[in-house]
Amino acid sequence: MVARRNNKSNNLGKSSSAPSAVRSAASALKRDADGGGRRIRLIVGKSGLDGHDRGVKIVARALAEAGMEVIYTGLRQTPEQIAEAALQEDAAGVGLSILSGAHLTIFRRVRELLDERGLGDVVLFGGGIIPAEDVPALQKMGVDRVFGPGTSTAEIADYVRGRLGGGTK
Amino acid sequence: MPKPDAAKLLASARSGDRAALARLLTMVESDPDAAFVAAGVVPKAESRKPKADAHIIGFTGSPGAGKSSLLDRLAGELARSGARPACRGEARPSGRRPAVLSIDPTSPFTGGAVLGDRVRMSEETLAVGVFVRSMASRGAAGGLARSVSAAARVLALSGYSPVLIETVGAGQGEVAVAELADTVVVVLVPGMGDDVQMLKMGILEIADVYAVNKIDLGGSAAFVEHLCEAVSGPGAHGRARHELAAGPVSDWVPAIVPTSARTGEGIVELVAAVESHRRHLAEDGRGQALRAARAGRRILRALAERLAAEAGCEGSCRLELGKLAAAVASGAMSEWHAAGELLGTSIMSPAAKSGGRKRLLDSRPAGRAGRPGSDHGKSL
Ligand SMILES: Nc1nc2c(ncn2[C@@H]2O[C@H](COP(=O)(O)OP(=O)(O)OP(=O)(O)O)[C@@H](O)[C@H]2O)c(=O)[nH]1
Ligand SMILES: [Mg+2]
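Nothing here was measured: the structure is a model prediction, and the numbers come from that model.

Criteria and cut-off values
- Residues numbered from 1 in each chain as written.
- Chains lettered and ligands numbered in written order.
- Predicted model: local features only at pLDDT ≥ 70, side-chain atom pairs only at ≥ 80, totals over all residues.
- Heavy atoms only, no water.
- Axes fitted to C-alpha atoms, helices over the stretch in contact; angles between N-to-C directions.
- Helix = DSSP H or I, 4+ residues; strand = E, 2+ residues; numbered from the N terminus.
- Left-handed = near helix turned anticlockwise from the far one by under 90°.
- Contact = heavy atoms within 4.5 Å.
- Nonpolar A, V, L, I, M, F, W, Y, C, P; charged D, E, K, R; others polar.
- Buried < 20%, exposed > 50% of the residue type's maximum accessible area, 1.4 Å probe, protein only.
- Near = heavy atom within 4 Å.
- Polar contact = N/O pair within 3.5 Å; in protein donor to acceptor, adjacent residues only side chain to side chain.
- Areas by Shrake-Rupley, 256 points an atom, 1.4 Å probe, with all protein chains shown as cover.
- Donors = N, O, S within 2.8 Å, 3.2 Å for Na, K, Ca; no water.

### Brief notes about the packing of helix 1 (residues 6–14) of chain B against helix 2 (residues 18–30) of chain B
Each pair of packed helices gets described by two things: the angle between the helix axes and the distance between those axes. All names here are of chain B. The N-to-C vectors of helix 1 and helix 2 enclose an angle of 140°; their axes lie 8 Å apart at closest approach. For the pair helix 1 and helix 2, the crossing hand works out as left-handed. From helix 1, A6, L9, L10, S12 and A13 reach across to helix 2, where they touch A20, L21, R23, L24 and M27. Partitioned by chemical class, the residues of the contact of helix 1 with helix 2 number 8 nonpolar, 1 polar and 1 charged.

### Some remarks on unusual backbone geometry
Of note, the bond from B:S161 into B:P162 is cis; its omega dihedral lies within 30 degrees of zero at -5°. With respect to the element layout, B:P162 can be found in the loop between helix 6 (148–157) and strand 5 (163–166). Of note in the backbone geometry, A:D90 takes a positive phi value of approximately 50° without being a glycine. The topology assignment puts A:D90 in the loop between helix 4 (79–88) and strand 3 (93–98). The residue B:K214 is not glycine, and still its phi comes out positive at about 65°. Mapping B:K214 onto the fold places it in the loop between strand 7 (209–212) and helix 8 (221–232). With relative accessibility at 26%, the residue B:K214 sits in the partly exposed group.

### Some details on the site of ligand 1
Residue and element names in this part refer to chain B. Neighbouring residues of ligand 1: 18 residues in total, closest K67, S69, R120, D216 and A261. Interatomic distance of 3.2 Å between a backbone N/O atom of A65 and an oxygen atom of ligand 1. Interatomic distance of 3.4 Å between a side-chain N/O atom of S260 and an oxygen atom of ligand 1. Protein coverage of the free-state accessible area of ligand 1, which is 650 Å², stands at 80%. The dominant element in the shell around ligand 1, judged by the number of residues it contributes, is helix 4 (residues 67–81), at 3 residues.

### Here's the deal with the coordination of the magnesium ion (ligand 2)
Each pair of donors in an ideal octahedron of six around a metal sits at 90 or 180 degrees, and each pair in an ideal tetrahedron of four sits at 109.5 degrees. Residues and elements named next belong to chain B. For the magnesium ion (ligand 2), the full set of protein donor atoms is S68 (OG), D117 (OD) and E166 (OE), at a range of 2.1 Å. Positions of the donor residues of the magnesium ion (ligand 2) along the chain correspond to the pattern S-x48-D-x48-E. Here S68 is found in helix 4, whereas its partner D117 is found in the loop between strand 3 (113–115) and helix 5 (123–127), with 49 residues between them in sequence. On the basis of relative accessible area, D117 is assigned to the buried category, the value being 10%.

Structural measurements only, silent on function.
So, in structure tokens, the structure goes:
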């Protein structure tokens, strides 16, 4: 950022023509509107009937603090709502918290609906109360990562950055 | 992934591909120009002329007033209400395809954001085809994000109308929406501090329609009455909106609609009020004139923001800034005046920078703060 700014001033300093100043201003604006690069956008929400959203809110906030744009969908989202949100928001990932025990059904359905919408490249991950023995089945159906209870928000942020920040989306 | 082509995405979006629309919106968020580049290409590829005359409706009001909840109800109602059986008894599509753009603030510290307006979007609203997009303000002032007008344009080009825009809801200084929307709905809640406080603020002067929300909680009758008096009296508030936009003064008297996003009461009336304002704008090209006036305001806002973005102050500019800062800190001049000094030397005149800038800076003492006869000197 600093280097680019210097660069820009140099250009301005050398040039005496207004158009190049305008061009330079335009690129500065683009850079600023973009905030210095494309942001990681992802959906974070809860599916299932339980009403505990404390954990998922903490995760949403932590990811925002890590510089991401987190579209928080709230509680009791149907798989359809989640998949449609991922589509409309052009999200690179979907993180779901599921405490109700319905994780196998919900993740399978969300993955299906994402794929149906041509969103095969959207990374699906989650956490909540998910027994370790279910994790292989979840991974097989296309859940990229399952976080156990007590995972630190830093670990989740690192994972998301590593997985979604690669510039493929 | 190869960089997607904005024009191709727009062509797909126009044929109903929502994923392409979503991708184009992402592109527009980092480069507002992409929308206009794409729009310029499309007519050549298609026989249909792109129509972009979507009715843009802005929603503003205090945090928690119920903007998102009302938008959910309103968008659903707009999508459904036209779909009544026509005279021959067959169902007729409403022709309205509402889209929602909800803006939430970006953290100035981390650059991140929690975009929470989708929480209020119901399954029913999505089921009737409403397109909902969240946007982070990304540092723009005035309650919107910089790319909102370009995003609204892309939605319009993709066949969505009306485009409903929710501001960040800071409650104050939400003027950007008045510079963009054809119709501004201000959402107020009696007893939430809105009563006395809000009436003092500029926010009331931008309303075409007031939604007095949460009437299910009671106690709204007196508030509505009070608002009616304020709005229909001489120098009615709504006019200022048009003067703000430097357009023709309008004889529109702001509509006041009591609503409950919880029970759905007043939603049909809210649709009617917004529609009635749209018809009012359509009379004798009034709406078009106002659009042009608002565009002028947006250019000036963009100019200010671009200048701020360009004010990366280094080298000799830093030296000048140091001198000016000392002068401002010691009370010798205002920061407003000092900014003008920097503007004159380092930003507005690139030509001066190449050769003349150094001379300019050297020949000038720390600003013209004490220069007798300057406006600033007088005001001190
Ligand atoms: N009782 C009642 N509650 C409402 C009504 N409309 C909204 N609410 C509630 O008010 C709270 C805030 O609603 P939102 O729709 O999120 O308000 P908002 O203005 O979009 O809020 P921000 O986007 O955070 O500024 C939620 O708990 C809603 O359920 C209403 O008409 N009646
Ligand atoms: Mg909201």
